[in-house]
Amino acid sequence: MTNAANTSAVATVATVANDNAQKQRTYPRMVTPKAIKEGSNKNGTPFVSFVGEYTRRGASKPSTMLHTASGKSLESIREQLKEGQPIRVFGVFEKMPATEDRSEGDVFRIIGLSTPRETAQEAAAQTEMEEAA
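In this report, we go over the structure that sits alongside the text. These figures come from a predicted structure and were not determined experimentally.

What counts and what doesn't
Residues numbered from 1 in each chain as written. Predicted model: local features only at pLDDT ≥ 70, side-chain atom pairs only at ≥ 80, totals over all residues. Heavy atoms only, no water. Salt bridge = Lys/Arg side-chain N within 4 Å of Asp/Glu carboxyl O. Helix = DSSP H or I, 4+ residues; strand = E, 2+ residues; numbered from the N terminus. Buried < 20%, exposed > 50% of the residue type's maximum accessible area, 1.4 Å probe, protein only. Phe/Tyr/Trp six-rings, centres within 6.5 Å; stacked < 30°, edge-to-face > 60°. Contact = heavy atoms within 4.5 Å.

A few words now on the pattern of salt bridges. Where charged atoms from two side chains of opposite charge come close, those side chains can pair. Here the structure, examined in full by the defined rule, presents five salt bridges. A salt bridge links E53 to K34, with the nearest nitrogen and oxygen atoms 3.3 Å apart. Of this pair, E53 sits in strand β2 (residues 46-54) while K34 sits in strand β1 (residues 27-40), and the two are 19 residues apart along the sequence. With a relative accessible area of 27%, E53 lands in the partly exposed category. Residue classification places K34 among the partly exposed residues on the basis of a relative accessible area of 36%. Sharing partners across several salt bridges, the network here consists of E38, E75 and R78.

Before going further, it helps to examine the packing of aromatic side chains. Note on aromatic pairs: each is described by the distance of the centres and the angle between the planes. Under the criterion given, the structure shown has two aromatic pairs. Seen in terms of ring centroids, F93 and F108 are 5.1 Å apart; in terms of plane orientation they differ by 70°. Their pairing is edge-to-face. With F93 in strand β4 (residues 87-96) and F108 in strand β5 (residues 105-113), the pair connects residues that are 15 residues apart, well separated along the chain. Judged by its relative accessible area of 36%, F93 falls in the partly exposed class.

Here we come to the side chain of T68. Here T68 lies in strand β3 (residues 63-70). For T68, a relative accessible area of 19% corresponds to the buried category. Those residues in contact with T68, other than ones at most four positions away along the chain, are V48, S49, V107, F108, R109 and I110.

Here it is, written out as structure tokens:
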């Protein structure tokens, strides 16, 4: 393989990986936190993890799943994050790798607070009016 072809192949792989990351679908969810644990990762970034109770669409009984938030997403939910108090968030599903202490499992990584469309549109209109003034 020539150097130009090798560079092109690497660029293609990087582009595909980047496209997959951008296409990751986010999901809104109303979750009730239980057993909240706070800590810091290897880089010193604060994070929170908790078992969250939520009701799947069409289901009658609640389900539970591990939820995590760190960095800016943690800051966006920190004020509303209280044990037993429902909070509306959005995020993505990820696989958490196995370690010595735990087996592999699914986790819902919170990206931020979820706001209803009407509220978000009103906030955008208010911002536009403030910028115009």
